[in-house]
Amino acid sequence: MTKVQIWVRKKPEMSSEEFRDHWINTHAPIARDGYEFLKGYTVHLVTGAPEGQEVPFDGIATLAWDDRDGFRADMKSEAAARGNEDLQSFAAAFGLLFIEEHQVT
């Protein structure tokens, strides 16, 4: 399984509600409906940080494919181009990381 996490910071002029609504109802469906090999897509919205700490990002998405070939194919798709363009409309900053999951409990 190939998994990535995408960490997103909302544009400063957006409210948390606008950010959440756009990501879940506009942005996420681009990948959900357009990526041929996508096996899972979960959005994690940040609700806070420990007292005295700044929230570095407003949300994290975890996306999964069976393998890197599926990921590569989807990243070459028209849906990926639309998703990257749409990301600019609500994200001030973002980063993508490949992750390896280990269940410890």
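What counts and what doesn't
Residues numbered from 1 in each chain as written. Predicted model: local features only at pLDDT ≥ 70, side-chain atom pairs only at ≥ 80, totals over all residues. Heavy atoms only, no water. Helix = DSSP H or I, 4+ residues; strand = E, 2+ residues; numbered from the N terminus. Contact = heavy atoms within 4.5 Å. Lys, Arg positive; Asp, Glu negative; His and termini not counted. Charge placed at Lys NZ, Arg CZ, Asp CG, Glu CD. Salt bridge = Lys/Arg side-chain N within 4 Å of Asp/Glu carboxyl O. Buried < 20%, exposed > 50% of the residue type's maximum accessible area, 1.4 Å probe, protein only. Core = buried A, V, L, I, M, F, W, Y, C linked by side-chain atoms within 4.5 Å. Polar contact = N/O pair within 3.5 Å; in protein donor to acceptor, adjacent residues only side chain to side chain. Phe/Tyr/Trp six-rings, centres within 6.5 Å; stacked < 30°, edge-to-face > 60°.

(A) Molecular detail of the overall build of the protein. Counting secondary structure elements, the protein contains three helices and four strands. Dimensions of the protein, computed from C-alpha atoms along their principal axes, come out at roughly 40 × 35 × 20 Å. Across the protein, every contact between residues at least 6 apart in sequence was considered, and the portion connecting residues at least 24 apart equals 72%. Side-chain charges of the protein comprise 11 positive and 18 negative groups, with the mean position of each set lying 3 Å from the other.

(B) Molecular detail of the pattern of salt bridges. Scanning the model with the defined rule gives five salt bridges in all. For Asp33, the salt bridge goes to Arg32, with nearest N and O atoms at 2.8 Å. Glu78 is the partner of Arg82 in a salt bridge, and the nearest nitrogen-oxygen pair spans 2.4 Å. Of the two residues, Arg82 and Glu78 are both situated in helix H3 (residues 78-90); the distance of four residues between them amounts to about one turn of the helix. Since its relative accessible area comes to 37%, Arg82 is described here as partly exposed.

(C) Geometry of the nonpolar core. Core analysis: the largest hydrophobic core is formed by 20 residues, its most contacted members being Val8, Trp23, Tyr35, Leu38, Leu63, Trp65 and Phe90. Counting residues per element, the ones that place at least two in this core are strand E1 (2-10), helix H1 (16-34), strand E3 (59-65) and H3. When residues in this core are grouped by element, the largest group, five residues, is from H1.

(D) Spatial organisation of the side chain of Asp74. If you trace the backbone, Asp74 turns up in helix H2 (residues 68-75). Despite being buried, Asp74 has no salt bridge partner; Lys39 is the closest side chain of opposite charge, sitting 8.8 Å away. Within polar-contact distance, the side chain of Asp74 engages the side chain of Trp65 at 2.7 Å. Setting aside residues no more than four positions away along its own chain, Asp74 makes contact with Tyr35, Glu36, Phe37, Leu38, Trp65 and Ala80.

(E) Representation of the packing of aromatic side chains in the model. The full count for this structure, using the stated rule, is seven aromatic pairs. Note on Trp7 and Phe57: the rings are 5.7 Å apart at their centroids and 75° apart in plane angle, and the pair reads as edge-to-face. On the criterion of sequence distance, the pair formed by Trp7 in strand E1 and Phe57 in the loop between strand E2 (38-45) and E3 is long-range, its members being 50 residues apart. Take Trp7: its relative accessible area is 27%, and that puts it in the partly exposed class. Both rings, one in Phe71 and one in Phe98, keep their centres 5.1 Å apart while their planes meet at 75°; by these two values the pair is edge-to-face. Taken together, the residues span a long stretch of sequence, with Phe71 in helix H2 and Phe98 in strand E4 (residues 91-99) at a distance of 27 residues. Classification of Phe98 as partly exposed rests on a relative accessible area of 38%. Feature note: the residues Tyr35, Trp65, Phe71 and Phe98 constitute an aromatic cluster, connected by ring pairs.

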